[in-house]
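# A look at the structure
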Amino acid sequence: MARIIAVVNQKGGVGKTTTTVNLTAALHDLGKRVLLCDFDPQANATSGMGVDKNTASPNVYDMLISGAEPARAVVSTKFGDVLPSNKALAGAGIEMIDMDGREKLLKRALDLLSDRYDFILIDCPPSLELLTVNALCAAHSLLVPVQCEYYALEGLSDLLATVRLVKRKLNPVLAMEGVLLTMFDSRTNLSLQVAEEVKRHFPGQVFATVVPRNVRLSEAPSHGKPISAYDPFSRGAEAYKLLAEEMCAGQT
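Source: prediction; values computed, not measured.

Reading the values: the criteria
Residues numbered from 1 in each chain as written. Predicted model: local features only at pLDDT ≥ 70, side-chain atom pairs only at ≥ 80, totals over all residues. Heavy atoms only, no water. Helix = DSSP H or I, 4+ residues; strand = E, 2+ residues; numbered from the N terminus. Contact = heavy atoms within 4.5 Å. Buried < 20%, exposed > 50% of the residue type's maximum accessible area, 1.4 Å probe, protein only. Pairing = 2+ DSSP bridges. Right-handed = clockwise from strand over helix to strand, strands pointing away. Core = buried A, V, L, I, M, F, W, Y, C linked by side-chain atoms within 4.5 Å.

## A word on the environment of Pro 226
Inspection of the secondary structure puts Pro 226 in the loop between helix 10 (215–219) and helix 11 (227–230). Placed 206 residues apart in sequence, Pro 226 and Thr 20 show a C-alpha to C-alpha distance of 9.7 Å. When residues no more than four places from it in sequence are discounted, the contact partners of Pro 226 are Val 21, Asn 22, Ala 25, Gly 48, Phe 79 and Ala 220.

## Some details on the pairing of strand 6 (residues 141–147)
Most of strand 6 sits inside the fold, with seven of its seven residues counted as buried. Burial along strand 6 is two-sided: the residues Ser 141, Leu 143, Pro 145 and Gln 147 and Leu 142, Val 144 and Val 146 are all buried. Two elements, strand 1 (residues 3–7) and strand 6, share three bridges in a ladder whose sense is parallel. Counterpart to Ile 5 in the pairing with strand 6 is Ser 141. Relative to strand 7 (residues 175–184), strand 6 runs parallel, the two being bridged by seven bridges. The residue bridging Gln 147 from the neighbouring strand is Thr 182, located in strand 7. In this fold, strand 6 hands off to helix 8 (residues 156–169), which returns the chain to strand 7; that crossover is right-handed.

## Quick word on the nonpolar core
Ranked by size, the top nonpolar core spans 53 residues in total, and within it Phe 39, Leu 83, Leu 106, Leu 110, Ile 122 and Val 198 carry the most contacts. The leading source of residues in this core is helix 7 (residues 130–138), at seven residues. Leu 106 has contacts with Cys 37, Phe 39, Met 63, Leu 64, Ile 122, Asn 134, Ala 135 and Ala 138, leaving out every residue within four places of it along the chain. Counting residues in hydrophobic clusters, the runner-up holds 23 residues, among them Val 7, Ala 26, Val 34 and Ala 220.

These results come straight from atomic positions and should not be treated as a statement about function.
In structure tokens form, the structure reads like this:
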């Protein structure tokens, strides 16, 4: 059975997609069977894995709304498998409102794939609407990227309130996988101060691995590659390799 992890933070630009893509590839490099479920209508994780978001069919939208078989939607890449997204997913939240068990549509689909993988990572949209609730219902745990910048903790109280509600009403097993510090610059007092503040708010739940601010991480998506393929010797690639190792070490 796969360990299903939702990569979530309703704040945009914190490194959710960067983390999902590069952690998928790093776990794959460690010999793990990994599926990236792109649950963001922007479909950046899909293209970041080298999959054409405009032609991938069936995709996550077809799987949720049209009942496409999940296994048919999976695209295999040399960096790991992908459940691709596209812009049609933007309207899925409205279409799902009248569907039975609308909060657990993704869970039902991923349960059919779970036996094939060690990890399933869900790249969530930057919001707290029905798509994100579906991801939280499907997941065993959540990984929260937090950028080391001003207002880093802004909005996290809303996320945690949503998580508590989902755990109480829909998914009692949902746990915190960990908080990941991203865009860290050890040369600045701000990054160091934010790191301390995050650790104070989430005692014992912050990953030891810290993702540095690294231009190569920003460049890799435009080449349709994770950082491990684009520049395997960069500081960004090393960080995600260490994060994958840290997560595997914690796997029971």
